[in-house]
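Close look at the chain arrangement
Residue-level listing of the chains:
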Amino acid sequence: MDKQEKPLITDPSFAQQVQKLHQLTIYGRWLFVGFLWLTIAPVSLWGLRTEISLWQQYFTWVAVRYGLFYHPLSTFGLTFCIGMTAAVLVWQSRNILLGLPEQEKQRLEKQVYRIRQQGPTHPLWKWVCH
């Protein structure tokens, strides 16, 4: 942003709009994680169904290791779901405990400024500016 484009951060409605955009970002990330758990995780678990029945009868960590090793797509799918969930949890925990980093605040402010400039034609206009 140029100096002439810089929004007034002291404007309470602008700060509220930045907060709304941050909330939308949080909801979007959790929706994505939920989508992963509803689509990829069941397919991955279905691929491991024979091993899971074996694990129920004779559970050993070696059986789990070999079951996951010989089903790489299912392993990747479950790992991706767990990894994305952990990433969102760490990201949100950091924001709650330490506050938003300055770089993230600036990114959100720039995005709100662009949404305000574009007006009602922007897809996020009605959620951020109203």
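Presented here is a report on the structure given in the accompanying data block. (Residues numbered from 1 in each chain as written. Predicted model: local features only at pLDDT ≥ 70, side-chain atom pairs only at ≥ 80, totals over all residues. Heavy atoms only, no water.)

1. Structural notes on a nonpolar patch on the surface
Keep this limit in mind: Exposure above 30% relative accessible area and the lack of any salt bridge qualify a residue for a patch; like charges then connect within 9 Å, and the nonpolar side chains Val, Leu, Ile, Met, Phe, Trp and Tyr within 5 Å. In this description, accessible areas are obtained by the Shrake-Rupley approach with a 1.4 Å probe, and a residue is regarded as covered only by the protein chains that are shown. Counted as salt bridges are all cases of a side-chain nitrogen of Lys or Arg within 4 Å of a carboxyl oxygen of Asp or Glu. Secondary structure follows DSSP: runs of H or I at least 4 residues long count as helices, runs of E at least 2 residues long count as strands, and numbering of each begins at the N terminus. Accessibility here uses a 1.4 Å probe with only protein chains present; expressed as a share of the type maximum, an area under 20% marks a residue as buried, one over 50% as exposed, and anything in between as partly exposed.
A surface patch of nonpolar side chains, about 480 Å² in accessible area, is lined by Phe 32, Phe 35, Ile 40, Phe 76 and Phe 80. Taken together, the elements giving at least two residues each to the nonpolar patch come down to helix H1 (12-47) and helix H4 (72-98). Tallying contributions element by element places H1 first for the nonpolar patch, with three residues. For Phe 32, the position within the fold is in helix H1. Judged by relative accessible area, which is 37%, Phe 32 ranks as partly exposed.

2. Overview of the packing of aromatic side chains
Where we set the bar: Aromatic rings from Phe, Tyr and Trp, taking only the six-membered ring of Trp, are treated as a pair when their centres fall within 6.5 Å; an angle between ring planes under 30 degrees marks them as stacked, one over 60 as edge-to-face, and anything in between as tilted. When the NZ atom of lysine or the CZ atom of arginine is within 6 Å of a ring's centre and also within 35 degrees of its normal, the charge is said to sit over that ring.
Using the criterion set out here, one finds four aromatic pairs in the structure. Plain terms: the ring middles of Tyr 66 and Tyr 70 are 6.2 Å apart, the flat faces sit at 15° to each other, and that makes the pair stacked. Clustering of aromatic rings is evident, with ring pairs tying together Tyr 66, Phe 69 and Tyr 70. Between the NZ or CZ atom of Arg 29 and the centre of the ring of Trp 91, over which it lies, the distance is 3.9 Å. Its guanidinium or amino end placed over the ring of Trp 127, Lys 126 lies 4.9 Å from that ring's centre, counting from NZ or CZ.

3. Focus on the nonpolar core
For clarity, the cut-off: For this analysis, a nonpolar core means a set of buried residues of the types Ala, Val, Leu, Ile, Met, Phe, Trp, Tyr and Cys, connected via side-chain atoms within 4.5 Å. Working rule for contacts: check all heavy atoms of both residues, and any pair within 4.5 Å makes them a contact.
In terms of nonpolar packing, the biggest core is built from nine residues, these being Phe 14, Val 18, Leu 21, Leu 108, Val 112, Ile 115, Trp 125, Val 128 and Cys 129. For this core, the secondary-structure elements that each account for two or more residues are H1, helix H5 (102-118) and helix H6 (125-128). Setting aside residues up to four positions removed in sequence, Leu 108 forms contacts with Val 18, Leu 21, His 22, Thr 25 and Leu 100. Membership of the second largest hydrophobic core comes to five residues, among which are Leu 36, Ala 41, Leu 48 and Leu 78.

4. Notes on the side chain of Ser 74
Relative to the helices and strands, Ser 74 is located in helix H4. Excluding anything up to four places from it in sequence, Ser 74 contacts Ser 44, Gly 47 and Leu 48.

5. Digging into the pattern of salt bridges
Scanning the model with the defined rule gives one salt bridge in all. The shortest N-O distance in the salt bridge between Glu 104 and Arg 107 comes to 2.8 Å. One end of the pair, Glu 104, and the other, Arg 107, are both in helix H5, three residues apart, so they sit about a helical turn from each other. Its relative accessible area of 35% is what places Arg 107 among the partly exposed residues.

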